[in-house]
Amino acid sequence: MHVVIFTGGEAPLPHNTVFYFSHAPAIDKVIAADSGLDTLEAFSHFYGSTYCFKPDLILGDMDSIRDSSLLQKYASVKSELFSHYKDFTDTELALQRAAALVGDRASGRITLIGGCGGMTDHFISVYDSFSFPFHADFWLGPQDVVCCLPEGSRLQVSNVRPDQRISVARLTNSFSGGEIQTSGLEWDCHCFRPEGMPSISNHISSDYYGQKKPVTFEVKKGRFLVIVPPAAILQKDSVCPGAE
């Protein structure tokens, strides 16, 4: 089960997501949260019949949607309307609904599109959501793709150049510890910081780039985020039983 969420805030231009969707599983369900419906409509126009981005669920307080006529266009779609007077975000609501749809996280995927820029507290809440069971597996922003790697998972990253950034982050529930092994980075895991962001603005090594070998990440303990360019090709899988 692959659920795609469109939420408010800054989002990637549709053409910057071609590499991602061309290597991602088929889309099963689509959720639009508030002004994410505007972004969904832009994606629907760009991709046409290549991918179906018609929403299966529209939710939120709808206080920031730009084109209110879209609510009429999708009037037949299931919706959950909330008061803006609440202490949680529409993105959190969408992630919770998506997690319930996906069920088994080892075989499912949640892709979050948008949620960058804008209000600082909302951006932090998206980052913080990766510490909870309802987190996205991939987060697509205007300039990069964030991949969540739980314990027991592995990621291969290809189609990146030496001048493009590859970064690794810890989560808000654990700013230290964890164990991640890497190969193919200019500064591999033995150079990572023991606390906070393990690696900021890293790069593929010249040897791996010349040999066209993918950069690899394997999480032995804890959970990490890997941040890569939008045109990167990502292959993620589990390497041990019980991985999330």
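Shown above is the structure to which this text applies.
Report follows, based on the coordinates. Since the structure is predicted, the reported quantities are computational estimates derived from the model, not experimental observations. (Residues numbered from 1 in each chain as written. Predicted model: local features only at pLDDT ≥ 70, side-chain atom pairs only at ≥ 80, totals over all residues. Heavy atoms only, no water.)

### Observations concerning the pairing of strand β8 (residues 153-158)
Now for step 1: Side chains S153, L155 and V157 of β8 all project onto a buried face; the interleaved residues R154, Q156 and S158 project onto a face where none is buried.
Now for step 2: Where β8 meets strand β14 (residues 233-238), 6 bridges bridge the pair, whose relative direction is antiparallel. Of the residues in β14, the one forming a bridge with L155 is K236.
Now for step 3: Bridge count between β8 and strand β12 (residues 215-221): 4 bridges; the pairing is antiparallel. (Buried < 20%, exposed > 50% of the residue type's maximum accessible area, 1.4 Å probe, protein only. Helix = DSSP H or I, 4+ residues; strand = E, 2+ residues; numbered from the N terminus. Pairing = 2+ DSSP bridges.)

### A few points about the packing of aromatic side chains
The geometry of an aromatic ring pair is captured by the separation of the ring centres together with the interplanar angle, meaning the angle of the planes.
Now for step 1: This structure, assessed with the given rule, holds 16 aromatic pairs.
Now for step 2: Here F21 and Y47 contribute two aromatic rings whose centre-to-centre distance is 6.0 Å and whose plane-to-plane angle is 80 degrees, an arrangement assigned as edge-to-face. Here F21, found in helix α1 (residues 18-22), pairs with Y47, found in helix α2 (residues 36-47); they are 26 residues apart in sequence, far enough to count as distant.
Now for step 3: According to the relative accessible area criterion, F21 is buried, its value standing at 3%.
Now for step 4: Centroid distance F130 to W139: 5.9 Å. Interplanar angle 35 degrees. Geometry classified as tilted. (Phe/Tyr/Trp six-rings, centres within 6.5 Å; stacked < 30°, edge-to-face > 60°.)

### Structural notes on the environment of L112
Now for step 1: Residue placement: L112 occurs in strand β5 (residues 109-113).
Now for step 2: In this structure the C-alpha to C-alpha distance between L112 and S206, which are 94 residues apart in sequence, comes to 32 Å.

### Digging into the sheet that holds strand β4 (residues 78-81)
Now for step 1: Ordered in space as β4-β3-β2-β1-β5-β6-β7-β13-β9-β11, the 10 strands form an open sheet in which the pairing is mixed. Only two strands of the sheet have a single neighbouring strand rather than two, namely β4 and β11 (199-202). Pairwise comparison of adjacent strand axes, ignoring direction, gives a mean angle of 15 degrees for this sheet.
Now for step 2: One ladder, built from 3 bridges, connects β5 with strand β6 (residues 138-140); its direction is parallel. Within β6, the residue paired with I113 across the bridge is L140.
Now for step 3: The sheet strands contacting α2 are β1 (2-6), β2 (29-33), β3 (57-60) and β5, and the helix crosses β2 at an angle near 135 degrees. (Axes fitted to C-alpha atoms, helices over the stretch in contact; angles between N-to-C directions. Contact = heavy atoms within 4.5 Å.)

### Some words on unusual backbone geometry
Now for step 1: Positive phi outside glycine occurs at M62, with the angle close to 55 degrees.
Now for step 2: Among the secondary structure elements, M62 is positioned in the loop between β3 and α3 (69-73).
Now for step 3: One non-glycine residue, K212, lies in positive phi territory at about 55 degrees.
Now for step 4: Structurally, K212 is set in the loop between α6 (206-211) and β12.
Now for step 5: Residue classification places K212 among the exposed positions, given a relative accessible area of 78%.

### Focus on the sheet that holds strand β10 (residues 179-183)
Within a sheet, each strand pairs with its neighbour through backbone hydrogen bonds, oriented either parallel or antiparallel.
Now for step 1: If you trace the 4 strands from one edge of the open sheet to the other, you get β10-β12-β8-β14, paired in antiparallel fashion. The open sheet is flanked by β10 and β14, the only strands paired with a single partner. Taking each pair of neighbouring strands and ignoring which way they run, the sheet shows an average axis angle of 15 degrees.

### Some details on the side chain of T17
Now for step 1: Here T17 lies in the loop between β1 and α1.
Now for step 2: Setting aside residues no more than four positions away along its own chain, T17 makes contact with P12, F43, Y47 and L140.

### Things to note about the state of the cysteines
Now for step 1: The full count for this structure, using the stated rule, is 0 disulfides.
Now for step 2: Sulfur of C189: no disulfide; nearest cysteine sulfur belongs to C191 and is 8.4 Å away.
Now for step 3: Residue C189 is classed as partly exposed on the basis of its relative accessible area of 27%. (Disulfide = S-S within 2.5 Å.)

### Here we look at the pattern of salt bridges
Now for step 1: Scanning the entire structure with this criterion turns up 8 salt bridges.
Now for step 2: Across the pair K73 and E41 runs a salt bridge whose closest N-O atoms are separated by 2.5 Å. Here K73 is found in helix α3, whereas its partner E41 is found in helix α2, with 32 residues between them in sequence.
Now for step 3: One salt bridge in this structure joins D237 and R154, with 3.4 Å as the shortest N-O distance. (Salt bridge = Lys/Arg side-chain N within 4 Å of Asp/Glu carboxyl O.)

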